[in-house]
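Coordinate inspection notes
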Amino acid sequence: QHKNMSSHDIIPRIEILTEKKLVGKCLEMTFAENKTAELWKGFMPRRNEIKNRLNNDFISMQVYDASFDFNNFNPHKTFTKCAAVEVTDFDKLPEEMETFTLREGFYAVFAYTGLNTDTTIFEYIYGTWISNSNYALDNRPHFERLGAKYKNGDPNSEEEIWIPIKMK
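Cut-offs and rules
Residues numbered from 1 in each chain as written. Predicted model: local features only at pLDDT ≥ 70, side-chain atom pairs only at ≥ 80, totals over all residues. Heavy atoms only, no water. Helix = DSSP H or I, 4+ residues; strand = E, 2+ residues; numbered from the N terminus. Expected span 1.5 Å × (residues − 1). Bend = angle between axes of the 7 residues up to and from the residue. Buried < 20%, exposed > 50% of the residue type's maximum accessible area, 1.4 Å probe, protein only. Patch = residues over 30% accessible without salt bridge, like charges linked within 9 Å, V, L, I, M, F, W, Y side chains within 5 Å. Areas by Shrake-Rupley, 256 points an atom, 1.4 Å probe, with all protein chains shown as cover. Salt bridge = Lys/Arg side-chain N within 4 Å of Asp/Glu carboxyl O. Contact = heavy atoms within 4.5 Å.

**Notes on helix 2 (residues 120-132)**
Since the α-helix advances by 3.6 residues per turn, residues separated by three or four positions end up pointing in the same direction. The terminal C-alpha atoms of helix 2, which comprises 13 residues, lie 17 Å apart, in line with the 18 Å expected from a rise of 1.5 Å per residue. The sharpest bend along helix 2 comes to roughly 30°, located at Tyr-126. All buried positions along helix 2 are accounted for by Ile-121, Tyr-124, Ile-125, Tyr-126, Trp-129 and Ile-130.

**Some thoughts on a nonpolar patch on the surface**
Side chains of Ile-14, Ile-16 and Phe-106 sit close together on the surface and give an oily, nonpolar patch of about 270 Å² of accessible area. You can see Ile-14 is positioned in strand 1 (residues 13-17). Looking at Ile-14, the relative accessible area reads 35%, which means it is partly exposed.

**What to know about the environment of Val-87**
By secondary structure assignment, the location of Val-87 is in strand 4 (residues 79-87). Assessed through its relative accessible area of 3%, Val-87 is described here as buried. Residues Val-87 and Ile-125, spaced 38 residues apart in sequence, show a C-alpha to C-alpha distance of 29 Å. Excluding anything up to four places from it in sequence, Val-87 contacts Lys-21, Val-23, Ile-50, Asn-52, Arg-53 and Leu-54.

So, in structure tokens, the structure goes:
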């Protein structure tokens, strides 16, 4: 359905995220030195040790500090990326796993179909959509929800991109 659409036609839905509890592994990285593959290789073999999962989705979360400037993009600036799943509570955690509580707040949710290596959707979101919307980026984690239709390295892969926003 979306195959011939340009990213400029993607209209997000605006959602209020309720607080979520996440468990997973995190790594510090930069866009220039991207360790995403290494992160997920460390997490996926151990995912079944997490017993209190809420659903079968995976969360790929980015935590940027307040000084991260999306307008003057610096590929060498560090941020933290986490491979995680949503849980009901933080009981009985596997060793060496980290917990994270996603605070409630507004998100713009983009349904994305395509390769996870194609960054044009993010260029559109940060470069075009935000500046033309009634919203500004909020300083909360950004994340992708990888559900049943997510397929790594497949152009027909589907995911949701969650961008934290606040009114301008």
